[in-house]
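Descriptive structure summary
Listed below are the residues making up each chain.
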Amino acid sequence: MVSASVPRLVIAAPSSGSGKTTVATGLMAAFAARGLAVSGHKVGPDYIDPGYHALATGRVGRNLDAYLCGPELVGPLFLHGARGCDIAVVEGVMGLYDGAAGEGELASTAHVAKLLRAPVVLVVDASSQSRSVAALVHGFASWDPEVRVGGVILNKVASDRHEDLLREALEQAGVPVLGVLRRAAQVDTPSRHLGLVPVAERHAAAVEAVAAMAAQVSDGCDLDALTGLARSAGALSGAAWDAAEVVSSPPPPLPFPSSTRSAPSTPPVGSAPRTPGRPERPRPQAPDRPVVAVAGGEAFTFSYAEHTELLTAAGADVVPFDPLRDEELPEGTSGLVIGGGFPEVYAAELSANAPLRKAVAGLAESGAPIAAECAGLLYLCRELDGLPMCGVLDAGARMTERLTLGYRGAVAVGDSVLAAAGTRMRGHEFHRTVVEPGSGAEPAWGIRSPRPRVEGFVQRGVHASYLHTHWASEPGVARRFVERCRTS
């Protein structure tokens with residue numbers, strides 16, 4: 001065990017919409033402009049904010065999710081991401097104390113702050129209040145004595161007079177004001193049905209937005225005081241997470257949180273019957289380092305950096321490709337990973353790329369391993385909103401008005417290229433589409449909460465599901481997938 005002390009701050013808020021992303025991203029960029037090596041992190045499963053963090057820092061944005069990965073991995077994953085950095089900024093999720101539904105503090109920003117022994121900076125939307133801000137901040141600062149609120153950044157302040165009233169109230173509350181951002185200077189970050197528009201879809205505009213955030217934070221915040229607060233974080237004991245190490249000797253599976261601990265290890269009632277697979281077409285023996293193609297570009301922006309690191313550590317050569325533009329899979333592809341994103345936004349373009357759709361269908365027909373999550377699932381369907389997709393799965397997909405959102409405890413129903421039957425993993429759903437299945441596939445996961453059901457598809461070498469998972473919690477997934485690439 002080693003002790004490490006990386007200066008760090010957790011940027012939190014009383015609720016969503018208070019300005020966390022602006023402040024956190026602006027701080028990262030402002031610190032980087034001072035010549036510091038900055039590590040950006042996001043609490044929870046969100047894929048989009050880390051893209052803005054990467055623009056601000058020049059480093060890969062990382063997630064810290066105590067539900068998906070377990071509390072014990074938060075520190076090691078943080079140290080892995082922050083290795084070699086001068087300072088780290090962790091953007092929280094929702095309100096400071098909001099965590100996984102029904103699980104107390106689990107996966108909340110407060111929980112992660114405690115695991116990281118990091119001071120919290122509370123971003124408060126000060127519009128329509130003055131002295132009341134002190135009561136609000138006092139409540140958040142005193143709710144959990146193990147959470148150290150080191151200061152406040154006031155957002156959407158209307159005028160000098162408004163600022164004076166807020167500062168006077170907070171001085172009486174004993175909480176320092178570390179920054180004030182004016183209402184008129186808010187940075188435009190466009191959103192749509194699942195949150196902010198990803199960086200990959202608006203790169204030039206996103207670069208300008210991050211620069212504007214940096215300027216706003218630099219002008220309105222005391223960067224020296226914030227740096228000093230970051231240096232007051234306690235030392236973390238333990239080693240940084242290492243993909244090569246965990247792939248060679250993975251930790252035991254994590255138990256489920258209380259509400260999902262009883263999830264079945266066998267198919268629940270109502271699961272689809274097993275369907276015998278077709279004989280697999282012989283394929284050439286894959287090389288010692290098989291090529292794993294990973295979908296990217298504007299349509300497939302949702303991925304955790306650790307997945308690529310685990311695949312590489314397990315012995316694969318990971319090659320990115322863009323399904324919107326590339327008409328062929330990377331040369332020598334032995335396996336395919338298609339993560340999340342917004343295929344519904346790019347359905348017409350994805351459909352128009354018939355050569356690639358045919359190549360993906362051919363790879364699936366050969367029995368090669370294919371792992372698809374959410375957007376990847378939709379891409380493998382027969383159609384999406386009436387437009388032809390790859391046709392790997394006999395299923396149709398369409399957009400709806402209903403949002404499906406939440407953490408899930410899942411059990412692998414049968415053996416697949418990702419997991420052996422009975423493997424337990426934690427995941428997250430976030431989509432506004434539905435898939436209407438046909439025939440020819442087994443379910444991927446058995447899910448207990450919020451209602452018992454089966455989900456996803458396993459068909460020969462294909463594992464496709466709405467469930468986003470974080471492979472750091474179960475490194476054997478990457479090892480198993482790469483081994484199947486070698487032998488399929």
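One structure accompanies this document, and this report is about it. The model shown is predicted, which means the values in this text are computed figures rather than measured ones.

1. Some points on the overall build of the chain
When you go through the chain residue by residue, the secondary structure sums to 14 helices and 24 strands. Here the chain holds 488 residues, and the buried ones make up 58% of them. In the chain, the share of contacts with a sequence separation of at least 24, taken over all contacts with a separation of at least 6, comes to 77%. Accessible surface, the chain as shown: approximately 19100 Å² in total, 52% of it carbon and sulfur.

2. Some remarks on the pattern of salt bridges
Under the definition given, this model contains 20 salt bridges. One salt bridge connects Arg325 with Asp322, and the closest N-O pair in it is separated by 2.7 Å. Of the residues examined, Asp322 reaches a relative accessible area of 13% and is grouped as buried. Note that Glu365 and Arg460 form a salt bridge whose closest N and O atoms lie 3.9 Å from each other.

3. Notes on helix H6 (residues 160-173)
With 14 residues, H6 should reach 20 Å at 1.5 Å per residue; the first-to-last C-alpha distance of 20 Å fits that figure. Within the sequence span of H6, burial applies to His162, Glu163, Leu166, Ala169 and Leu170. The buried residues of H6 occupy one face: seen down the axis, they fall within an arc of 135°. More than 90 degrees from the buried face of H6, the exposed residues found are Asp160, Arg161, Glu171 and Gln172. Elements in contact with the buried residues of H6: helix H5 (132-143), strand S7 (149-157) and strand S8 (177-182). Gly174 occupies a position one or two residues after H6 and carries a positive phi of about 80°.

4. Concerning the sheet that holds strand S6 (residues 120-125)
Reading across the sheet, the seven strands line up as S4-S3-S5-S2-S6-S7-S8 and stay open at both edges, with parallel pairing between neighbours. Of all the strands in the sheet, just strand S4 (62-64) and S8 have a single pairing partner and so form its edges. Within the sheet, the average angular offset between the axes of one strand and its neighbour, ignoring direction, is 25°. The pairing of strand S3 (residues 38-43) with S4 spans three bridges and is parallel. Paired with Lys42 across the bridge in S4 is Asn63. Against the sheet, helix H4 (residues 109-116) contacts strand S2 (8-12), S3, S4, strand S5 (87-91) and S6, and its axis sits at roughly 170° relative to S2.

5. Let's talk about the environment of Val458
Within the fold, Val458 resides in strand S22 (residues 457-459). In this view, Val458 contacts Asp415, Ser416, Ala441, Glu442, Pro443, Ala444 and His463; residues no more than four positions away in its chain are not counted.

6. Thoughts on the sheet that holds strand S15 (residues 370-373)
Reading across the sheet, the six strands line up as S13-S12-S14-S15-S23-S22 and stay open at both edges, with mixed pairing between neighbours. Only two strands of the sheet have a single partner each, and these edge strands are strand S13 (317-321) and S22. Adjacent strand axes in the sheet meet at a mean angle of 15° when their direction is disregarded. Where strand S12 (residues 291-295) and strand S14 (residues 333-338) come together, four bridges link them in parallel fashion. Its bridge partner being in S14, Val291 is matched across the sheet by Thr333.

7. Brief notes about the packing of H5 against H6
Running from N to C, H5 and H6 point in directions that differ by 40°, and their axes come no closer than 8 Å. Relative to H6, the element H5 is oriented oblique. By crossing handedness, the relation of H5 to H6 is classed as right-handed. When H5 is examined against H6, the residues Val133, Ala134 and Val137 are found in contact with a partner set consisting of Leu166, Ala169, Leu170 and Ala173. Looking at side-chain class alone, the contact of H5 with H6 contains seven nonpolar, no polar and no charged residues.

8. Structural notes on the side chain of His468
Positionally, His468 belongs in strand S24 (residues 468-469). At a separation of 3.3 Å, a polar atom in the side chain of His468 contacts the side chain of Tyr47.

9. Topic: the nonpolar core
Core analysis: the biggest nonpolar cluster contains 112 residues, and Ile11, Phe78, Leu116, Leu122, Leu154, Leu226 and Phe481 have the highest contact counts within it. Top element by residues in this core is helix H1 (residues 20-33). It accounts for seven residues. Excluding residues within four positions of it along the chain, Phe78 makes contact with Val6, Arg8, His41, Leu64, Ala88, Val90, Leu116 and Leu236. In this structure, Leu356, Leu363, Ala375 and Leu380 belong to the second largest nonpolar core, which totals 39 residues.

10. Topic: the pairing of S15
Moving residue by residue along a regular strand, the side chains alternate between the two faces of the sheet. Across the two faces of S15 the burial is the same, with Ile370 and Ala372 and Ala371 and Glu373 all buried. In this sheet, S15 lies alongside S14 in parallel orientation, the contact comprising three bridges. Paired with Ile338 across the two strands is Ala372, which belongs to S15.

11. Focus: unusual backbone geometry
The phi angle at Met94 is positive, at roughly 50°, despite the residue not being glycine. By relative accessible area, Met94 is classed as partly exposed at 37%. Residue Lys156 is not a glycine yet carries a positive backbone phi of 60°. Mapped onto the elements, Lys156 comes out in strand S7. A residue is classified by how much of its surface remains accessible, and Lys156, at 24% relative accessible area, is partly exposed.

Rules and cut-offs
Residues numbered from 1 in each chain as written. Predicted model: local features only at pLDDT ≥ 70, side-chain atom pairs only at ≥ 80, totals over all residues. Heavy atoms only, no water. Helix = DSSP H or I, 4+ residues; strand = E, 2+ residues; numbered from the N terminus. Buried < 20%, exposed > 50% of the residue type's maximum accessible area, 1.4 Å probe, protein only. Contact = heavy atoms within 4.5 Å. Areas by Shrake-Rupley, 256 points an atom, 1.4 Å probe, with all protein chains shown as cover. Salt bridge = Lys/Arg side-chain N within 4 Å of Asp/Glu carboxyl O. Expected span 1.5 Å × (residues − 1). Arc of directions from axis to C-beta. Pairing = 2+ DSSP bridges. Axes fitted to C-alpha atoms, helices over the stretch in contact; angles between N-to-C directions. Parallel < 35°, antiparallel > 145°, perpendicular 65-115°, else oblique. Left-handed = near helix turned anticlockwise from the far one by under 90°. Nonpolar A, V, L, I, M, F, W, Y, C, P; charged D, E, K, R; others polar. Polar contact = N/O pair within 3.5 Å; in protein donor to acceptor, adjacent residues only side chain to side chain. Core = buried A, V, L, I, M, F, W, Y, C linked by side-chain atoms within 4.5 Å.

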